[in-house]
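One letter stands for each residue in the lines below.
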Amino acid sequence: MSWDVLLHYAPALIRGFGVTIACWASGCALGLVLGFAVALGAEAPSRALRAVLRVYVEVLRGTPFLMQLFILYAGGPSLGLRLSATTAGVLGLGLYSSAYFSEIFRGAFAAVPRGLIEAAMSVGMAPFDILARVRAPIAFVAASPPIVNTLIVMSKETVVLSIITVPELMYEMQTMAAETFTAFDAIFAMAVFYWCLVEVVSRIGRRVEKRAAAFLVSHA
Amino acid sequence: MLVSAHSLGYLAQAAGVTVALSLAGIAFGFVIGTLVCVARVSGGPALARLGGAYVSVFRGVPLLVLLLFIYYFLPIVGLDVPALVAAIGGLSLSSGAYQAEILRGALNGVPRGQTEAATALGYSNLDLWRRILLPQALRISIPPMINEFILLIKASSLVSVVGIAEITRVSMNIASMTYRPLEAYVAGGLFYLAINLTLAGLGGLAERRALAGAR
């Protein structure tokens, strides 16, 4: 490992790390919001809406993330949609993850005990209140372990953004590798870095899982 | 449709490459996964740790990083392998870690009493695995394995970076030749969708048959 090279490129790498984290956080935040909306929409009385949402989820889960990024970033301009690489990357990550998050929320809503909803109805709570104060809080807790899991999967997907030239960590590393002929060192460092990141988040995830399980047992 | 029949022919060929790559990845990954799983479940403390480390590392490193690592690493140790070998190697190593976890989960689904009964009847360790644990674990793991296959088909799009003419790479070529990126990538995406929906359908069928067989 050539430390002086790494030191020289440290500012770019730190910037890249910041971009990685920012893309991950904003992409997943968008995905969570969209996913929640899609899960709610899947309960709509309109058959057409339900069918459209089903297609949305199947298409996004059935095609590779890289392909979706190409469609957004390279294909977008044909539809008048000119996005910067980073915007396309965040939007792409948001759309892709929303399909997974919506399935998680759908499952979590199904896990809310029916008796609680009936109790809320019988004391005269409005449908919105039942959602906001009974169903959503319980569903969020039930969904937290798989959400953390999906967050981990998405943290690894962020490296794909380097292919559409988003200046995140992988991109900066590859720039360094190309300019200094240290490809092996760079890739090795990336492998170690992501492994550490995933290990740390998984550990947090296991803690979240335990707490969620304890909460659901004590409240149901 | 603005993608010519010519391009669709290339894409169909590329779809064959995508499926072949993923099949190779699943097959070699299965061998790795089985070995890792056996090591973790009944291999003694040292082997179990090694298996655990394997799963942790290969699930933790993004596939793109792994692929580039293999691509750059092998020439350094003097092995000048073709891109295809690097691609299949990367897919297999990564899928092996996920399959090891699938098999471990499936083994937990085989009642513990059966292992005890087999031991009481004097089954050797090899016979226990060959005749009792693996056949049942494999049946339980059919649905998650189909799911893993679908994930691998999608993951194989990343081997386009080492220049293999699978769906994603061919779509990129068509996009740059025709200056119609939207049509090229949507067409490529539809090929993936067709493959994965077919797999999901087969998966549902296999699941129902496996359930019927278990009864």
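Residues numbered from 1 in each chain as written. Chains lettered and ligands numbered in written order. Predicted model: local features only at pLDDT ≥ 70, side-chain atom pairs only at ≥ 80, totals over all residues.

## Re the overall build of chain B
Now for step 1: Helix and strand counts for chain B stand at nine helices and zero strands.
Now for step 2: Secondary structure of chain B in N-to-C order comes out as α-α-α-α-α-α-α-α-α.
Now for step 3: Principal-axis analysis of the C-alpha atoms gives chain B an extent of 70 × 45 × 20 Å.
Now for step 4: Scored against the burial criterion, the 215 residues of chain B give a buried share of 42%.
Now for step 5: For chain B, contacts bridging at least 24 residues in sequence account for 77% of all contacts bridging at least 6. (Helix = DSSP H or I, 4+ residues; strand = E, 2+ residues; numbered from the N terminus. Buried ≥ 20, exposed ≤ 12 C-beta atoms within 10 Å, placed from the backbone. Contact = placed C-beta atoms within 7 Å.)

## Remarks on the overall build of chain A
Now for step 1: A count of helical and extended segments in chain A gives nine helices and zero strands.
Now for step 2: The principal-axis extents of the C-alpha atoms in chain A amount to approximately 70 × 45 × 25 Å.
Now for step 3: Taking all 220 residues of chain A together, the buried fraction comes to 38%.
Now for step 4: Looking at chain A alone, contacts between residues at least 24 apart form 75% of all its contacts between residues at least 6 apart.

## Here's the deal with the interface of chain A and chain B
Now for step 1: Counting from both sides, the interface comprises 26 residues of chain A and, opposite them, 28 residues of chain B.
Now for step 2: Elements supplying a minimum of two residues to the side of chain A that touches chain B: helix H3 (47-62), helix H4 (65-75) and helix H9 (183-219) of chain A.
Now for step 3: When residues in the side of chain A that touches chain B are grouped by element, the largest group, ten residues, is from H9(A).
Now for step 4: Its residues assigned to classes, the side of chain A that touches chain B comprises 20 nonpolar, four polar and two charged. (Nonpolar A, V, L, I, M, F, W, Y, C, P; charged D, E, K, R; others polar.)

## Examining the packing of helix H2 (residues 44-60) of chain B against helix H4 (residues 83-108) of chain B
All names here are of chain B.
Now for step 1: In contact at an axis separation of 8 Å, H2 and H4 are set at 125° when each is read in the N-to-C sense. Overall, the two elements H2 and H4 adopt an arrangement that is oblique. Handedness of the crossing formed by H2 with H4: left-handed. The segment H2 lies against H4, with Gly51, Tyr54, Val55, Phe58 and Arg59 engaging Leu93, Ser94, Gly96, Ala97, Tyr98, Ala100 and Glu101.
Now for step 2: Split into classes, the residues belonging to the contact of H2 with H4 amount to seven nonpolar, three polar and two charged. (Axes fitted to C-alpha atoms, helices over the stretch in contact; angles between N-to-C directions. Parallel < 35°, antiparallel > 145°, perpendicular 65-115°, else oblique. Left-handed = near helix turned anticlockwise from the far one by under 90°.)

## Some thoughts on the confidence of the model for chain B
Now for step 1: On average, residues of chain B score 87 in pLDDT, and 97% of them are at 70 or above.
Now for step 2: Scored by ipTM, the complex comes to 0.85, with pTM at 0.87. (pLDDT = per-residue confidence, 0-100.)

## As for the nonpolar core
Now for step 1: Within the largest apolar cluster, 117 residues are counted, with the highest numbers of intra-cluster contacts made by A:Phe105, B:Val65 and B:Leu67.
Now for step 2: Here the element with the most residues in this core is helix H5 (residues 85-110) of chain A; it accounts for 13 residues. (Core = buried A, V, L, I, M, F, W, Y, C linked by C-beta atoms within 7 Å.)

## A closer look at the packing of helix H2 (residues 10-41) of chain A against helix H8 (residues 169-180) of chain A
Residue and element names in this part refer to chain A.
Now for step 1: In contact at an axis separation of 7 Å, H2 and H8 are set at 155° when each is read in the N-to-C sense. Of the possible angle classes, the one that applies to H2 and H8 is roughly antiparallel. Where H2 abuts H8, its residues Ala12, Leu13, Arg15, Gly16, Phe17 and Thr20 lie against Leu169, Tyr171, Glu172 and Met173.
Now for step 2: Residue classes in the contact of H2 with H8 are distributed as six nonpolar, two polar and two charged.

## Overview of helix H8 (residues 167-178) of chain B
Residue and element names in this part refer to chain B.
Now for step 1: An ideal rise of 1.5 Å per residue puts 16 Å on twelve residues; H8 measures up with 16 Å between its terminal C-alpha atoms.
Now for step 2: Inspection of H8 places Ile167, Thr168, Arg169, Val170, Ser171, Ile174 and Ala175 among the buried residues, and these make up the whole buried set.
Now for step 3: Directly beyond the C-terminal end of H8, a positive phi value near 55° is found at Tyr179. (Expected span 1.5 Å × (residues − 1).)

## Some words on unusual backbone geometry
Now for step 1: Backbone geometry at A:Thr165 places phi at a positive 65°, although glycine is not the residue there.
Now for step 2: Considering the arrangement of structural elements, one finds A:Thr165 in the loop between helix H7 (127-157) and H8.
Now for step 3: Judged by C-beta crowding, with 14 C-beta atoms within 10 Å, A:Thr165 ranks as partly exposed.
Now for step 4: Even without being glycine, B:Tyr179 reaches a positive phi, approximately 55°.
Now for step 5: Following the sequence through the fold, B:Tyr179 ends up in the loop between H8 and helix H9 (181-214).

## Comments concerning the environment of A:Ile147
Residue and element names in this part refer to chain A.
Now for step 1: Within the secondary structure layout, Ile147 lies in helix H7.
Now for step 2: Residues Ile147 and Ser162 lie 15 residues apart in sequence; the distance between their C-alpha atoms is 24 Å.
Now for step 3: Aside from chain neighbours lying at most four places away, what touches Ile147 is Phe101 and Ile104.

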